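If you want the building blocks of each chain, they are given just below.
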Amino acid sequence: MSTIITELDKEYIAGTYKRFPVELVSGKGSLVRGSDGREYIDLGSGIGVTSFGICDSVWTEAVCAQAAKLQHVSNLYYTEPCARLAEMLCRKTGMGKVFFSNSGAEANECAIKFARKYAAEKKGEDCFNIITLENSFHGRTLTTLSATGQEHYHELFRPLTPGFVHVKANDSDGFLKTAAESNPAAVMIECVQGEGGVVPLEPEFVKTVAEYAEKNDVALIVDEVQTGNGRTGRLYSYMHYGIEPDIVSTAKGLAGGLPLGATLVSRKYGNVLGYGDHGSTFGGNPVSCAGALSILGRIDDELLESVRNKSAAVFSMLKGAPGVTDVRGFGLMIGIKTERPAAEVVAECMERGVLCLTAKDRVRLLPALNIPDDLLMKAVKIIIEVCSKVS
Ligand SMILES: *Cc1c(COP(=O)(O)O)cnc(C)c1O
């Protein structure tokens, strides 16, 4: 496919993205349309962003109304969507305060600043290390890249931000040993490693980390950028594990398709950052927050239960299907191990009208939380047909 748009993109966009050969122009719900008029079932949601699908009518109305009323004023002034959204996030999680930014990486940067300042004041300025896990993903800014426990992202971008220590996931003894040696300010985990291949952490390990953090007054940061906002069948993935993080970062699906990051902190950390300690020109933008209110307000018990039911249906179709060797994940965050290379499966699914993602060596599904059952089943059948084909 070569059109004026693909040519312009090649000529003028920095070459960081390997795109699929399709130009998407419009959509509704879990159907998205290409410039050639072809329709696709969307199982990627723009990497877990369009929580209620493309141009969901409640979301569109909320966003358009706010855009027509007041699109931006900066954080020098109060605005209603920002305050209401912070209240909703705290009410639904029991956290104490929120800082708004524009992306997952920024939400993590803020989480790290909360943890480092708390530790510096409480334990002294040599308490700054953040323990993160191997195979984790926390973002692309230099500091969140340093937090990310995957060597190949680091190459040629050194020097990295100091103060990050990586440990093996699910190795409690190894974690405790490193923690004892590194005087950490925080531990940061994804309960389900997303970019790492949809890897849920083992409950025992998460419990060990949480107990260590609690006992030693070390901040427990849970990165819920991908797993948050209903994606895993609970509001936040830490809720599967019965832990209480000090700091939670989220973004991707929060505003249903607009840039918005949020860093939630418990009451203990609520007043750690004060005037001038942090900021963001766009953070808490009224249009993004209006979008988020329309999403978060609908992520209730009933919706979460339907996410879990859809998930169970997908798992039961995929488990044991020919060409599928393993399925893992929670809710509508699903990683499929296939006999054929995952990239090949995804490319062929697209040819057959289904958009899905990869994560490491897996096919990854992040469909809209409200994807209609018939569309979901139809798409999964196509994935199974593609997986079962001997190449
Ligand atoms: C996507 C992602 C990020 C980075 O989010 P951006 O909005 O791209 O900065 C951070 N952490 C996790 C777990 C992610 O999945």
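Here the structure is a predicted model, which is why all the values come from computation and not from measurement.

A. Seen up close, the environment of Cys 356. Considering the arrangement of structural elements, one finds Cys 356 in the loop between strand S15 (354–355) and strand S16 (357–359). Residue Cys 356 is classed as buried on the basis of its relative accessible area of 5%. Sequence-wise, Cys 356 and Pro 367 are 11 residues apart; in three dimensions their C-alpha atoms are separated by 8.4 Å. Here Cys 356 is in contact with Leu 43, Val 346, Cys 349, Val 363, Arg 364, Leu 365 and Ile 383, once residues within four sequence places are set aside.

B. Focus on the environment of Pro 21. Turning to its location among the elements, Pro 21 is positioned in the loop between helix H1 (4–12) and strand S1 (24–28). Classification of Pro 21 by relative accessible area gives exposed; the value is 52%. Residues Pro 21 and Pro 245, 224 residues apart in the sequence, show an inter-C-alpha distance of 41 Å.

C. Broad picture of unusual backbone geometry. The omega torsion of the bond from Arg 158 to Pro 159 falls at 5 degrees, within 30 degrees of zero and hence cis. Among the structural elements, Pro 159 can be located in the loop between helix H7 (151–154) and strand S6 (164–167). Here the phi dihedral of Ile 47 falls at roughly 60 degrees; this positive angle occurs in a residue that is not glycine. Although it is not a glycine, Cys 55 sits at a positive phi angle of roughly 45 degrees. Among the structural elements, Cys 55 can be located in the loop between helix H2 (45–48) and helix H3 (57–69).

D. Geometry of the side chain of Ser 182. Note on placement: Ser 182 falls in helix H8 (residues 172–182). Among residues more than four places away in sequence, those in contact with Ser 182 are Asn 129, Ile 131 and Val 165.

E. Local environment of the pairing of strand S11 (residues 247–250). Residues Ile 247 and Ser 249 line one face of S11 and the alternating positions Val 248 and Thr 250 line the opposite face, and both faces are buried. Pairing between strand S10 (residues 219–223) and S11: three bridges, direction parallel. Within the sheet, the bridge partner assigned to Val 222 lies in S11 and is Val 248. Pairing analysis gives four bridges linking S11 to strand S12 (residues 261–265), with the strands arranged antiparallel. Across the sheet, residue Val 248 finds its bridge partner in S12, namely Leu 264.

F. Up close: the pattern of salt bridges. Considering all chains together, one arrives at 20 salt bridges under this definition. Two residues, Glu 121 and Lys 117, come together in a salt bridge whose shortest N-O distance is 3.8 Å. Residue Glu 121 and its partner Lys 117 are both found in helix H5 (residues 104–123); the two are separated by four residues, about one turn of the helix. Exposure remark for Lys 117: the relative accessible area of 26% places this residue in the partly exposed category. Here the salt bridges do not stand alone but share partners, grouping Arg 340, Glu 344, Glu 348 and Lys 389 into one network.

G. Highlighting the state of the cysteines. Tallied over the entire structure, the rule returns zero disulfides. Counting only cysteine sulfurs, Cys 289 is the nearest neighbor of Cys 82, a cysteine outside any disulfide, at a range of 4.8 Å. Looking at Cys 90, it has no disulfide partner, and the nearest cysteine sulfur is the one in Cys 82, 11 Å off.

H. Seen up close, the sheet that holds strand S3 (residues 39–42). The four strands lie next to each other as S1-S2-S3-S15, forming an open sheet whose pairing is mixed. Edge positions in the open sheet fall to S1 and S15, since each of these has one partner strand only. The sheet contact formed by S3 and S15 spans two bridges and is parallel. Along S15, the bridge assignment pairs Asp 42 with Leu 355.

Calculation notes
The residue count restarts for each chain, going from 1 along the sequence in the order it is written. Under the rules for a predicted model, residues below a pLDDT of 70 receive no local features and side-chain atom pairs below 80 are neither given nor counted, while totals for whole chains, interfaces and linings still include all residues. Calculation of side-chain values draws on the structure's entire complement of heavy atoms; hydrogens and water are dropped beforehand. Helical segments are the DSSP runs of H or I of at least four residues, strand segments are the runs of E of at least two, and each set is numbered from the N terminus. Burial classification: accessible surface area is computed with a 1.4 Å probe over protein chains only, and a residue below 20% of its type maximum counts as buried, one above 50% as exposed, and the rest as partly exposed. We call two residues contacting when some pair of their heavy atoms lies within 4.5 Å. When DSSP locates at least two bridges between a pair of strands, those strands are taken to pair. Should a side-chain nitrogen of Lys or Arg be within 4 Å of a carboxyl oxygen of Asp or Glu, the pair is scored as a salt bridge. Whenever a pair of cysteine sulfur atoms sits within 2.5 Å, that pair is classed as a disulfide.

These figures capture arrangement, not role.
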